[in-house]
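Structure at a glance
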Amino acid sequence: MLDVAKILEISLALTSEHDYDEILKKIITGAMELTNCEGGTLYLYRNDSLEFMIMRNIDPDVERRGGTVPPVAMDESKACAYSAIHRTLVNIPDVYAEEGMFDFSGPRIYDEKFGYRTKSMLVFPLVNHEEKLVGVVQLLNARNKENEPIPFTEEHERLIRALASMAAVSLSNMQYIKQIKGLLHAVVNVFTNAIDTRTPYNYYHSKQVHDYVVLYISYCNALYEKGLGEEHFDAVRKEQLQLAALMHDIGKLVTPTEVMNKETRLADQLDRILNRFRYIGLLKKIEYLEGNCAIEEYEEERRYLEQMHTLVQKMNSADFLETEDVKSVKELAKRKYIDSDGTECLYLMPEERECLLIPKGTLTESERQTMNRHVVFTDRFLTAMNFDEHYKDVRTWASMHHEHLDGTGYPKGLSGDEIPQETRVLTIADIYDALVSEDRPYKKAHTKEAAFGILFRMAEEGKLDTEILKRFQEAVEWKERNFCLKEERDNI
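The sections below set out a description of the structure shown in this document. Since the structure is predicted, the reported quantities are computational estimates derived from the model, not experimental observations.

1. Observations concerning the packing of aromatic side chains
- Under the counting rule described, the total for this entry stands at 15 aromatic pairs.
- A centroid spacing of 5.4 Å and a plane angle of 5° characterise the contact between Tyr 288 and Tyr 298, whose relative ring orientation is stacked. Residue Tyr 288 is found in helix α10 (residues 269-289), and its partner Tyr 298 is found in helix α11 (residues 295-317); the two are separated by 10 residues along the sequence.
- Tyr 288 sits in the partly exposed class, given a relative accessible area of 29%.
- Its relative accessible area of 12% is what places Tyr 298 among the buried residues.
- The interplanar angle of 40° and the centroid separation of 6.1 Å between the aromatic rings of Phe 377 and Phe 381 together place this pair among those described as tilted. Taken together, the residues span about one helical turn, with Phe 377 and Phe 381 both in helix α15 (residues 374-384) at a distance of 4 residues.
- Taken together, Tyr 212, Tyr 432, Phe 452 and Phe 472 form an aromatic cluster joined through their ring pairs.

This is the structure in structure tokens:
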């Protein structure tokens, strides 16, 4: 009954485990516990060979010396390969007494090199419910109650057969999950690249935001493990936040490129305005040549148009607008001229006036609203992806990344506790990357110090989480210190 209870305990541990590496460890430790053996090695069947995955031994020094084992070819002279090829259990009472069938030169070389003594060996295949070979486990040196090496018994074989089928199914399920996750992450990366390649001005933005988020997670977990912090990201929370970071701008897939790529206030309207000024100047010159206006009037108009030509070009790319320049544009927008057909026309169209008078940035209010709607489409697209329970928070965290704690963000104007901690991290990473990025021609990149100055002012205004921002800054500086230390070590 004890053996049955132990098998049930191991089975429960395998079926409840969600970490791939932990599954491997539990298969080995479970087999070692059932057989009271000294050590074990697990191989997975890949690319027509047995690939070493994990080694365990009751002696830590032996385990440490084990290192990485090269793949085992599917050669019947190797006990592991024979077990895999024939899907059968192989029980060797004494490796040194075995003659002819298997090549045990590898264990003997290891024993001689490290002073170990391989005696008994039990090798069993992991075959899943679809009769597919998953891998092989090799156990060494069963022990009696006095912990003396003995051959593996028939009872051991019976227990191991019971374990093998459960282990193979659990491992197969984890491999399927890993494959599905791999496919999901591949699809996400395709979307991310599609988003970023639509604009040359923030080509690496999504990836960089993801990297900043990963840096923050790594820093928090490092503090937590040392007992210096309370913030911890388990595997599920970490993966969800990483996906949210990669897909936070997925809504930009439907944002017009002329809005995303607008690097100046006027964009392609500038040439139209400058050509219009030349046209007005020619009309005035014709009027003068035909004797319909004085030379003084013509010269005055010519000088004015030259001034406006310079002013429009200046304001088109200026970081901030000067009061006198704004006044001049407003006056320009009121002026009219008579076209060659007698039509009264404006020097500056209303939409051109609006663009030139944008106080900061390059987008008009309507263009900004169009740009801001990308988070609405992010929410819509991620909702359509129908994430399961494991990824249930990805959509929420990604679609809120422009919300501010004081309620001044968009699209819903959420505030305070309505905004999850994970979104607060993503928001800070998003803004920081936008500030320090050097690939945006419509603005100069800020230094790290200047960027954090802006972020902390936003935190003082109640827009960002101050504590998360402090840890984010520490994480960035932590990375820089580690990078400098690595460079120093590399140069020694």
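Text resumes after the structure shown.
2. Observations concerning the nonpolar core
- Ranked by internal contacts, the top residues of the largest apolar core, which has 45 residues, are Tyr 432, Leu 455 and Phe 472.
- Elements represented by at least two residues in this core include exactly α6 (154-197), α7 (205-225), α8 (235-247), α16 (394-399), α17 (421-436), α18 (448-460) and α19 (466-491).
- Examining the composition of this core, we find that 9 residues originate from one element, α7, more than from any other.
- With residues up to four places along the chain from it excluded, the contact list for Leu 455 reads Ile 431, Tyr 432, Leu 435, Leu 464 and Leu 469.
- With 32 residues, the next largest nonpolar core counts Met 32, Leu 126, Val 134 and Leu 139 among its residues.

3. Some thoughts on the state of the cysteines
- Taken as a whole and assessed by the stated rule, the structure comprises 0 disulfides.
- Left without a disulfide partner, Cys 355 is nearest to the cysteine sulfur of Cys 345, which lies 19 Å away.

4. Section: the pairing of strand β6 (residues 133-143)
- For β6, the tally of buried residues reaches 11 of 11 residues, placing the bulk of the element in the interior.
- Pairing analysis gives 7 bridges linking strand β1 (residues 37-46) to β6, with the strands arranged antiparallel. Note on β6: the bridge partner recorded for Leu 42 is Val 137.
- Relative to β6, strand β5 (residues 121-127) runs antiparallel, the two sharing 7 bridges. Bridging across to β6, Leu 122 finds its partner in Leu 139.
- The antiparallel hairpin formed by β5 and β6 contains 5 residues in its connecting segment, where Glu 131 sits at a positive phi of about 65°.
- Relative to strand β7 (residues 149-150), β6 runs antiparallel, the two sharing 2 bridges. Of the residues in β7, the one forming a bridge with Arg 143 is Pro 149.
- Counting the residues between successive antiparallel strands, the hairpin from β6 to β7 contains 5 residues, one of them, Asn 147, with a positive phi of roughly 60°.

5. Some details on the packing of helix α14 (residues 365-372) against α15
- Remark: α14 packs on α15, axes separated minimally by 5 Å, with the N-to-C direction vectors making an angle of 20°. For the element pair α14 / α15, the angle class is roughly parallel. Of the residues in α15, those in contact with Thr 370, Met 371 and Asn 372 of α14 are His 374, Val 375 and Val 376.
- The residue makeup of the contact of α14 with α15, split by class, is 3 nonpolar, 3 polar and no charged.

6. A few points about a nonpolar patch on the surface
- A surface patch of nonpolar side chains, about 250 Å² in accessible area, is lined by Leu 183, Val 187 and Phe 191.
- By the secondary structure assignment, Phe 191 is in helix α6.
- Residue classification places Phe 191 among the partly exposed positions, given a relative accessible area of 32%.

7. Overview of the pairing of strand β2 (residues 49-57)
- Across 8 bridges, the pairing between β1 and β2 is antiparallel. By the bridge assignment, Leu 42 is partnered in β2 with Ile 54.
- Between β1 and β2, which follow one another and run antiparallel, lie 2 residues, and Asn 47 among them has a positive phi close to 50°.
- One ladder, built from 2 bridges, connects β2 with strand β3 (residues 72-73); its direction is antiparallel. Opposite Leu 50, over in β3, you have Val 72 as the bridge partner.

Calculation criteria
- Residues numbered from 1 in each chain as written.
- Predicted model: local features only at pLDDT ≥ 70, side-chain atom pairs only at ≥ 80, totals over all residues.
- Heavy atoms only, no water.
- Phe/Tyr/Trp six-rings, centres within 6.5 Å; stacked < 30°, edge-to-face > 60°.
- Helix = DSSP H or I, 4+ residues; strand = E, 2+ residues; numbered from the N terminus.
- Buried < 20%, exposed > 50% of the residue type's maximum accessible area, 1.4 Å probe, protein only.
- Core = buried A, V, L, I, M, F, W, Y, C linked by side-chain atoms within 4.5 Å.
- Contact = heavy atoms within 4.5 Å.
- Disulfide = S-S within 2.5 Å.
- Pairing = 2+ DSSP bridges.
- Axes fitted to C-alpha atoms, helices over the stretch in contact; angles between N-to-C directions.
- Parallel < 35°, antiparallel > 145°, perpendicular 65-115°, else oblique.
- Nonpolar A, V, L, I, M, F, W, Y, C, P; charged D, E, K, R; others polar.
- Patch = residues over 30% accessible without salt bridge, like charges linked within 9 Å, V, L, I, M, F, W, Y side chains within 5 Å.
- Areas by Shrake-Rupley, 256 points an atom, 1.4 Å probe, with all protein chains shown as cover.
- Salt bridge = Lys/Arg side-chain N within 4 Å of Asp/Glu carboxyl O.

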